[in-house]
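Descriptive analysis of the structure
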Amino acid sequence: MRSQSGGRIQTAVTFAALVFLFAPLIVVVLFSFHSSGSLSFPFEGFSLRWYRATFESPQFRSALENSLIVAAVAAATTLVLGTLAAYGVSRASPRLKGPLALTFFLPITLPGVFLGVALLIYYVRLDLQLSLTTIAISHMVYVSPYFFIVARTAMDRLDPALEEVARDLGARPVEVFVRVTLPQLWPILLGATALAFMLSFDEFVITFFVAGGDTTLPVFIFGQMRRTVDPTINVVSSLLIGGSLALWIMAFIYAAVLQRRASAKKTEPPTAAASAVQTAGAPAEAR
């Protein structure tokens, strides 16, 4: 009896937590389709008028385009620089690993307001005009530690023997990285890049200080809410929720496909990593 009552309590607590987390999101999405401008119950009917008004707004389209550009640039640059940094730290001597890793973690320990003010002062000192460029640089500083944590953790789990075998077979360091290390890491790096993209796309505090005359979507939402609160805010929020949910579903499906392929390859010797080692170490004439 006690186990049954305990299970019921756990179920009730779990259900209450889910309601607490998702009920506000459901309300936001619901009122984005409200036929009137009211943001309170009773719900009077469904309409797409607020979606049409949002997409017809040139300010919204410009802010959305700016956010996509900044997030794409920040994520792509972080992918390149963060991968190189994580690889260098993971292959550094044990004495240097700690200080180097701590250096890359520092932006996480700083509050967003402090980081935004510091970057603003830095740009002013350099006489650099605030624009999308300064936003993208600031977002790189903000998202790089998160990417670095994921990438370095993945690299630390790799089997160093594969790289050693490739080097013993005559492969150059670049060939070892491209043909042996990178094929084992790229799914994780792709996921970390998606994380960096979403973090950049949603960033507001740092952007608020370094945006200048350009507006990203979070800054646009903040500006709209300062003037008035209407269902167009719900529309933008619903679009962001839908985009995040779509990316999560895609990542889940992609991870499931990779897991199935990995399970299938276990029964097909030689492994892809071993083949890559052989290819990387083979003489140029044989390749």
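Structure shown above.
What this report covers is the structure whose coordinates are included nearby. Please read all numbers here as calculations on a predicted model, not as lab measurements. (Residues numbered from 1 in each chain as written. Predicted model: local features only at pLDDT ≥ 70, side-chain atom pairs only at ≥ 80, totals over all residues. Heavy atoms only, no water.)

**A look at the packing of aromatic side chains**
- On inspection of all chains with the given rule, the structure shows 13 aromatic pairs.
- Geometrically, the ring pair formed by Y87 and F177 is edge-to-face, given 4.9 Å between the ring centres and 70° between the ring planes. Residue Y87 is found in helix 3 (residues 58–90), and its partner F177 is found in helix 8 (residues 173–202); the two are separated by 90 residues along the sequence. This pair shows no difference in class: Y87 is buried, exactly as F177 is.
- Their ring planes at 70° and their centres at 5.7 Å tell us that F105 and F148 sit as a pair that is edge-to-face. (Phe/Tyr/Trp six-rings, centres within 6.5 Å; stacked < 30°, edge-to-face > 60°. Helix = DSSP H or I, 4+ residues; strand = E, 2+ residues; numbered from the N terminus. Buried < 20%, exposed > 50% of the residue type's maximum accessible area, 1.4 Å probe, protein only.)

**With respect to unusual backbone geometry**
- Even without being a glycine, D127 presents a positive backbone phi close to 55°.
- Positionally, D127 belongs in the loop between helix 5 (112–125) and helix 6 (132–156).

**Re the packing of helix 7 (residues 160–168) against helix 8**
- Remark: helix 7 packs on helix 8, axes separated minimally by 10 Å, with the N-to-C direction vectors making an angle of 160°. By the angle between their directions, the pair helix 7 and helix 8 is classed as roughly antiparallel. The element helix 7 and its partner helix 8 pack so that their crossing is right-handed. Together, L162, E163, A166 and R167 of helix 7 and V176, V180, T181 and Q184 of helix 8 make up the contact between the two elements.
- Per-class residue counts for the contact of helix 7 with helix 8 are four nonpolar, two polar and two charged. (Axes fitted to C-alpha atoms, helices over the stretch in contact; angles between N-to-C directions. Parallel < 35°, antiparallel > 145°, perpendicular 65-115°, else oblique. Left-handed = near helix turned anticlockwise from the far one by under 90°. Contact = heavy atoms within 4.5 Å. Nonpolar A, V, L, I, M, F, W, Y, C, P; charged D, E, K, R; others polar.)

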